[in-house]
Amino acid sequence: MKIAVAAEATKLDRRTPLLPGGAKKLVDMGAQVAVQTGLGASVGIADGEYESAGVEVAGSTKDLLSSADMVLRLKRPAEEDVEKLKAGAILVSFLEPFDHPEIVQSMASRKVSGICMEMIPRTTLAQKMDALSSQANLAGYVAVILAADSIDKIFPMMTTPAGTISPVRVFVIGAGVAGLQAIATAKRLGAIVEAYDTRPVVEEQVRSVGGRFVKFDLGETGETEQGYARQLTAEQLARQQEAMAKHCEKSDVVITTAQVFGKKAPRIITAETVSRMRPGSVLVDLAVETGGNIEGSRLGETVDVNGVKIIGQAPLPALVPLDASQMYSSNLVNLIGHFWNKEEKRFVLKLDDEIIDGCLLTHEGQIRNEQFK
């Protein structure tokens, strides 16, 4: 089975889908792996390292994609890239299907089997393949580092002959994978950390990484089967915003991570809340790519509102591209290895398997996922 990876790194996102270590594991399983010239150059990896791993290095994107049985990507492909694939090929990538349904239709039209990495089930068995979580983990870390670099204070308490410096107060909204890593990172830097989530079940997790869980009375909330927060009603959002505004007002750093899978991010920090924060404070909006949690945040920019900075940098994992690439590469290799037939030396799409059933959007010319039919 031929597995191909084309170069797709840009100046704004230097991550690459497959590193030499991961490629070697695929070769050792019996796969024929081909990558495009310069695949790892964005993270300082030369073509020779891939060749040493037993990988073919090719120059033509069209030839690479058209001859592959499986194509590995990181970013959503353009429609013209999908059209280069042969019928029956398997495409594995982040696909952003809710925002770009035309890609789903294009894959079906080309009879491409599209595996959506965002939709890997959040189960114990699939944990090692869960690229959404692995990248979110890094995003939570980077969010705190950006805030620390932007604020006009130091994070830890410091007692000196000149006096005592109070620690920074950090408020993290959303205690999923990114939020928990943000809490842990801020705590390691010496901050006082509070966190809020609509799911009371995560209180113990917040405490385990050093944060204090804040409780608001919003009525019945909870989480979906996939582990995401359920969308709040308009009344619940209003109550939530007012309660959070009071915590934001006394915080030096606010990090928002609230997202509802497949839908626009909820607006939970209003312009009025931002106006109540101390000049010099920093907000980081991890949901800026899906509409933003913070009113006034702008994708790829840092906005100054009367001395309060709103950071909308995205994607945050791209700021640590080598580690992000390593984690994503491992996720892909684990996915392939789980469904690899050793005798036939190929990846087997087991349609009745819960992992494949959850993430396979298109197959044999059909859109098979119920959410997109």
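The structure under discussion appears in the preceding block.
Because the structure is a prediction, the values reported are computed rather than measured.

Moving on to the overall build of the protein. When you go through the protein residue by residue, the secondary structure sums to twelve helices and 19 strands. In terms of overall dimensions, the protein has a C-alpha envelope of 65 × 45 × 35 Å along the principal axes. Long-range pairs, those at least 24 residues apart, make up 62% of the contacts in the protein with a sequence separation of at least 6. Accessible surface for the protein amounts to roughly 16,600 Å². Of this, 49% is attributable to carbon and sulfur atoms. Distance from the positive charge centre (41 side chains) to the negative charge centre (47 side chains) of the protein: 2 Å.

Tracing the sequence through the fold places Ile 154 in the loop between helix H6 (131–150) and strand S7 (158–160). Separated by 35 residues in sequence, Ile 154 and Leu 189 have C-alpha atoms that sit 9.0 Å apart. Those residues in contact with Ile 154, other than ones at most four positions away along the chain, are Ile 165 and Val 168.

Residues Glu 79, Glu 80, Glu 83 and Glu 102 make up a contiguous surface patch of negative charge. Following the sequence through the fold, Glu 102 ends up in helix H5 (residues 101–109).

Our focus in this paragraph is the environment of Leu 286. Among the secondary structure elements, Leu 286 is positioned in the loop between strand S13 (282–285) and strand S14 (302–305). Along the sequence, Leu 286 and Phe 98 sit 188 residues apart, while their C-alpha atoms lie 18 Å from each other. In this structure, Leu 286 is in contact with Ala 139, Gly 140, Ala 143, Ala 178, Ile 255, Thr 256, Thr 257, Gln 259 and Leu 316, ignoring residues within four places of it in sequence.

Once that is clear, we can look at the sheet that holds strand S19 (residues 366–367). Spatially, S3-S2-S1-S4-S5-S6-S18-S19 is the arrangement adopted by the eight strands of the open sheet, whose pairing is mixed. Each having just a single partner strand, strand S3 (56–58) and S19 make up the two edges of the open sheet. Pairing analysis gives two bridges linking strand S1 (residues 2–5) to strand S4 (residues 70–72), with the strands arranged parallel. What sits directly across from Ala 4, in S4, is Val 71.

Turning our eyes to something else, we now look at the packing of helix H1 (residues 20–29) against helix H11 (residues 321–338). With their axes 9 Å apart at the nearest point, H1 and H11 run at an angle of 15° to one another. Classed by the angle they form, the pair H1 and H11 counts as roughly parallel. H1 and H11 meet at a crossing whose hand is left-handed. Judged by residue contacts, Gly 22, Lys 25, Leu 26 and Met 29 of H1 engage Ser 329, Val 333, Ile 336 and Gly 337 from H11.

This paragraph deals with the pattern of salt bridges. Across all of its chains, the model carries 22 salt bridges by this definition. Across the pair Arg 276 and Glu 242 runs a salt bridge, and its minimum N-O distance is 3.9 Å. With a gap of 34 residues between them, Arg 276 in the loop between helix H10 (271–275) and S13 and Glu 242 in helix H9 (residues 234–249) connect regions that are remote in the sequence. Its relative accessible area of 25% is what places Arg 276 among the partly exposed residues.

A few words now on the sheet that holds strand S10 (residues 192–196). Taken together, the seven strands give an open sheet; going across it, the order is S11-S10-S9-S12-S13-S15-S14, and neighbouring strands pair in mixed fashion. A strand with exactly one partner marks an edge of an open sheet, and here the two such strands are strand S11 (212–213) and S14. Both strand S9 (residues 169–173) and strand S12 (residues 253–256) contribute to a ladder of four bridges, which runs parallel. Residue Ile 173 lies in a different strand from S12, and its bridge partner there is Thr 256. Each of S9, S10, S11 and S12 is contacted by H9, which is oriented at about 160° to S9, the strand it contacts most.

The rules behind the values
Residues numbered from 1 in each chain as written. Predicted model: local features only at pLDDT ≥ 70, side-chain atom pairs only at ≥ 80, totals over all residues. Heavy atoms only, no water. Helix = DSSP H or I, 4+ residues; strand = E, 2+ residues; numbered from the N terminus. Contact = heavy atoms within 4.5 Å. Areas by Shrake-Rupley, 256 points an atom, 1.4 Å probe, with all protein chains shown as cover. Lys, Arg positive; Asp, Glu negative; His and termini not counted. Charge placed at Lys NZ, Arg CZ, Asp CG, Glu CD. Patch = residues over 30% accessible without salt bridge, like charges linked within 9 Å, V, L, I, M, F, W, Y side chains within 5 Å. Salt bridge = Lys/Arg side-chain N within 4 Å of Asp/Glu carboxyl O. Pairing = 2+ DSSP bridges. Axes fitted to C-alpha atoms, helices over the stretch in contact; angles between N-to-C directions. Parallel < 35°, antiparallel > 145°, perpendicular 65-115°, else oblique. Left-handed = near helix turned anticlockwise from the far one by under 90°. Buried < 20%, exposed > 50% of the residue type's maximum accessible area, 1.4 Å probe, protein only.

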